[in-house]
Amino acid sequence: AGPDGALPLTVDERNAACSQAEDADPERAIALAQSVLDEGAVLGAMQRADALGCRGWAQAWLARKDEARRDAYALRELVQGLERGAERVRLTRRAGGILHRSGDRVGALDLYARAVGDAEAQGLESERIPLLANLGVLHSEFEEHARAQVNYEQALALMERLGDFRYEAPVRYNLGLNLTGQDRDADAVPHLRRALELIRDTGMGGPMQELGASIALAGALQQTGQTVEAQALLERARAIDMPAPDPSMELQLRLIEAGQRADAGDVAGALALIDAVEPGPLTEIQQWDWLKRRADLLERLGRHADANRVLHAINTLRETYLRHQNHERLAALDAHMRDREQRLEVERLQAAADTQARRLEVRDRLQGATAVVAGLLLLFGGAVLLWQRRMNRRLFLASHTDALTGLSNRRAMTQRLRALALQPQGDTALLLIDLDLFKRINDEYGHDVGDQVLVACARRLQGDAGADAIVSRWGGEEFIVLLPHCDAQRARAAADRLRTVLAQPVPTDKGPVQTGASLGYANLPLPGPCHPDAWHASLQLADSALYLAKRAGRDAWAGYWIEHAIADWPAERLGREAHLARSLRVIEPQSSRPLREAVTLVAPHGAPSPG
Ligand SMILES: Nc1nc2c(ncn2[C@@H]2O[C@H](COP(=O)(O)OP(=O)(O)OP(=O)(O)O)[C@@H](O)[C@H]2O)c(=O)[nH]1
């Protein structure tokens, strides 16, 4: 536009001005694009596509998601009718980018995948670089960090091979974030450092990008103990003049600062900092991180009930988020992408060797204006990932861990049981352990002491069940221990060892407390057809054995080890002895003491006895 703000004359000039303005002044970009689209029938397909792309992008920038998506879908439609060529690839990526930013991630993945295929088929190697980078960002958002890492590494290898480094800063930045997300902060540091260097030295990106990269690098440095450098970076980052305050950046700064305060012992101060955040404008992912920090600090201040409330809020948020991700659709598209990625991986290995020299040659001529735009498009997508990184793993851990004992909880154990039930070779022992007369301990010494006993028993189980054992709190005073690659003899020995260990008095605040436990075990899966729910049968059998051990006077174990497939072994009928008695031939349970009251179990007529 001229200095008087008048619209440039030609359609192409307006489109060019629109793409100049789309990030810096999106409202103006929208007006320009609209004026082009108003030309209607006289427009060429390409002019129309450029205007749609520009308007859509600007709408997405302003978070007007519906409008943005409408433009992206119209663009997608239009692109299908275009001739093959670089422009078609570029516009497909553009439509994908708009969908990506306006929240239709599955639609974006579809378009990126199409564009990659198109670029590959036409030998447009350079076009693949930003596409791989975009795919990386998308995969990270789908919590597929390993896949995302492959994308970024492929993009880097392709850059080296082609000597095209326009996208180096955003790719390294996103790869750095990805690595921090996998807790590989030391590996992330060189990439983030390089990204920041490029952003500062080549003018690639703007203040927002510099701030994002500074914060990410500071976070990684902080994690690797380089606190002085982290501090210096943050101070420099604070001085960066942002055109408009960005709540996400503010939050990052504040979270790192709170981390530093808390590390220095000022937990209440850290909490005050975090409490001052206004969560309204944050994305779900950002809200999780914010909430999780609150929960951590509340926990450290001993405000357990408040912390629990916060954790509950996180879980609710997370569930909503995951529902939106439409994982099924993603899985289908993913299978489609996997073949391509394997081929690219081979290429990458072939190409990596001879490129270092070329790389230095071309560096200089790439520090230009094109890089500025490229940096802007991608870096913004990456900035969001900083919160996602540890957050997802922490949330996963929180939802799979028992808060009192730190063991896997019932949910995590159920997943294990389902997986193990599908193994054709039933060689896992399932031990069900129930503390004896635990109610009395609570009644006599109080719940706090009861808790201490539970924690001590959990530690003993973990310490003594063996290195490959999987220990979980199944609920209340019940635990499950799984021993993979086990046989009947080892199961017996383990049951006896754990019984002995749990019979030792537990030191508590109120002196030593005498405890004990009864155990029942069975093999998993029982011989028979594979079915993910077959673990129910093993658990019921272990439960029956446990019942026998309790009946025999407690502080005892009993177990079944069924070695022969028994025809017509109905899982739903296995549970109660009455059923078993009717339909099964005699199987003497193994037990630590004579089970006078034991119910005899019988196998179906004619089936071989497990003897
Ligand atoms: N302190 C504490 N007690 C719990 C917890 N979860 C469950 N309990 C208590 O564990 C007790 C279990 O009692 P019961 O199921 O009657 O069994 P028991 O007293 O162990 O007796 P037997 O199993 O027959 O040997 C109940 O009083 C529960 O309140 C917990 O997290 N902490």
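Please refer to the structure higher up on the page.
Quick notes on the rules
- Residues numbered from 1 in each chain as written.
- Predicted model: local features only at pLDDT ≥ 70, side-chain atom pairs only at ≥ 80, totals over all residues.
- Heavy atoms only, no water.
- Near = heavy atom within 4 Å.
- Polar contact = N/O pair within 3.5 Å; in protein donor to acceptor, adjacent residues only side chain to side chain.
- Helix = DSSP H or I, 4+ residues; strand = E, 2+ residues; numbered from the N terminus.
- Core = buried A, V, L, I, M, F, W, Y, C linked by side-chain atoms within 4.5 Å.
- Buried < 20%, exposed > 50% of the residue type's maximum accessible area, 1.4 Å probe, protein only.
- Contact = heavy atoms within 4.5 Å.
- Expected span 1.5 Å × (residues − 1).
- Phe/Tyr/Trp six-rings, centres within 6.5 Å; stacked < 30°, edge-to-face > 60°.
- Axes fitted to C-alpha atoms, helices over the stretch in contact; angles between N-to-C directions.
- Parallel < 35°, antiparallel > 145°, perpendicular 65-115°, else oblique.
- Left-handed = near helix turned anticlockwise from the far one by under 90°.
- Nonpolar A, V, L, I, M, F, W, Y, C, P; charged D, E, K, R; others polar.
- Disulfide = S-S within 2.5 Å.
- Pairing = 2+ DSSP bridges.

**Structural notes on the site of the ligand**
At step 1: In the vicinity of the ligand there are 16 residues, among which Leu437, Phe438, Asp451, Arg473 and Lys550 approach most closely.
At step 2: Interatomic distance of 2.8 Å between a backbone N/O atom of leucine 437 and an oxygen atom of the ligand.
At step 3: Within the contact set of the ligand, a nitrogen atom lies 2.8 Å away from a side-chain nitrogen or oxygen of asparagine 442.
At step 4: Among the secondary structure elements, those contributing two or more residues to the shell around the ligand are strand E1 (428–435), helix H22 (438–445) and helix H23 (447–464).
At step 5: Counting residues per element, the shell around the ligand draws most heavily on H23, which supplies 4 residues.

**Regarding the nonpolar core**
At step 1: Membership of the largest hydrophobic core comes to 42 residues, with the highest contact counts inside it found for Met159, Val171, Tyr173, Leu192 and Leu217.
At step 2: Breaking this core down by element, the ones donating at least two residues are helix H7 (125–141), helix H8 (145–162), helix H9 (168–181), helix H10 (185–202), helix H11 (207–223), helix H12 (227–238) and helix H13 (247–263).
At step 3: Element by element, the count of residues in this core is highest for H11, at 9 residues.
At step 4: If we skip the residues at most four places from it in the chain, methionine 159 touches Ile129, Asp164, Phe165, Tyr167, Glu168 and Val171.
At step 5: By size, the runner-up hydrophobic cluster in this structure holds 41 residues, among which are Ala17, Leu37, Leu43 and Phe142.

**A short note on unusual backbone geometry**
At step 1: Cis peptide bonds are those with omega within 30 degrees of zero, and the linkage from leucine 524 to proline 525 qualifies with -15°.
At step 2: Structurally, proline 525 can be placed in the loop between strand E6 (517–524) and helix H25 (535–551).
At step 3: With phi around 65°, aspartate 183 is a residue other than glycine that occupies positive phi space.
At step 4: Position of aspartate 183 among the secondary structure elements: in the loop between H9 and H10.
At step 5: Positive phi is not limited to glycine here, since leucine 437 has a value of about 45°.

**What to know about the environment of aspartate 464**
At step 1: The residue aspartate 464 is located in helix H23 in this model.
At step 2: You can call aspartate 464 partly exposed: its relative accessible area is 30%.
At step 3: Residues within four places of aspartate 464 in sequence aside, it is in contact with Arg497, Leu498 and Val501.

**Description of helix H6 (residues 105–121)**
At step 1: Here H6 contains 17 residues, and its C-alpha end-to-end distance of 24 Å stays within 8% of the 24 Å for a straight helix at 1.5 Å per residue.
At step 2: Of all 17 residues that make up H6, 13 are buried, and the element is covered over most of its length.
At step 3: After H6 finishes, the residue glycine 123 shows a positive phi value of roughly 70°.

**Description of the packing of aromatic side chains**
At step 1: Under the defined criterion, the tally for this structure stands at 2 aromatic pairs.
At step 2: Where tryptophan 474 meets tryptophan 535, the ring centres are 6.3 Å apart and the plane angle is 85°; that geometry is what we call edge-to-face. Separated by 61 residues along the polypeptide, tryptophan 474 in strand E2 (residues 470–475) and tryptophan 535 in helix H25 bring together distant segments of the chain. An identical accessibility class is assigned to tryptophan 474 and tryptophan 535; each is buried.
At step 3: The interplanar angle of 35° and the centroid separation of 6.0 Å between the aromatic rings of tyrosine 521 and tryptophan 557 together place this pair among those described as tilted. One end of the pair, tyrosine 521, is in strand E6; the other, tryptophan 557, is in strand E7 (residues 557–559), and 36 residues separate them in sequence. For the residue pair tyrosine 521 and tryptophan 557, the accessibility class agrees, reading buried in each case.

**Brief notes about the packing of helix H1 (residues 11–21) against helix H3 (residues 45–61)**
When two helices pack together, their arrangement is given by the angle between the helix axes and by the axis-to-axis distance.
At step 1: Running from N to C, H1 and H3 cross one another at 25°; their axes reach a closest spacing of 10 Å. In terms of axis orientation, H1 runs roughly parallel to H3. Note on packing geometry: the crossing formed by H1 with H3 is left-handed. For the pair H1 and H3, contact is made by Val11, Asp12, Asn15, Cys18 and Ser19 and by Gln47, Asp50, Ala51 and Cys54, respectively.
At step 2: Of the residues assigned to the contact of H1 with H3, the class counts are 4 nonpolar, 3 polar and 2 charged.

**Remarks on the state of the cysteines**
Among covalent bonds in proteins, the disulfide is the one between the sulfur atoms of two cysteines.
At step 1: Evaluated as defined, the whole model comprises 1 disulfide.
At step 2: Disulfide pairing places cysteine 18 opposite cysteine 54 at an S-S distance of 2.0 Å. With the S-S dihedral at roughly -110°, the linkage between cysteine 18 and cysteine 54 falls on the left-handed side. Linking cysteine 18 in helix H1 with cysteine 54 in helix H3, this pair joins segments that are 36 residues apart in sequence.

**Describing the environment of arginine 84**
At step 1: Mapped onto the secondary structure, arginine 84 falls in the loop between helix H4 (65–80) and helix H5 (86–101).
At step 2: With 35 residues separating them in the primary sequence, arginine 84 and alanine 119 have C-alpha atoms 9.4 Å apart.
At step 3: Sequence-distant contacts of arginine 84, defined by excluding residues within four places in its chain, comprise Asp118, Ala121 and Gln122.

**Observations regarding the pairing of E1**
At step 1: Counting buried positions along E1 gives 8 out of 8 residues, so the element sits mostly inside the fold.
At step 2: Neither face of E1 is open: one carries Thr428, Leu430, Leu432 and Asp434, the other Ala429, Leu431, Ile433 and Leu435, and all of them are buried.
At step 3: Sheet topology places E1 next to E6; 8 bridges connect them, and they run antiparallel. Looking at E6, one finds that alanine 429 is bridged to asparagine 523.
At step 4: Sheet analysis places E1 next to strand E3 (residues 478–483), joined by 6 bridges and oriented antiparallel.

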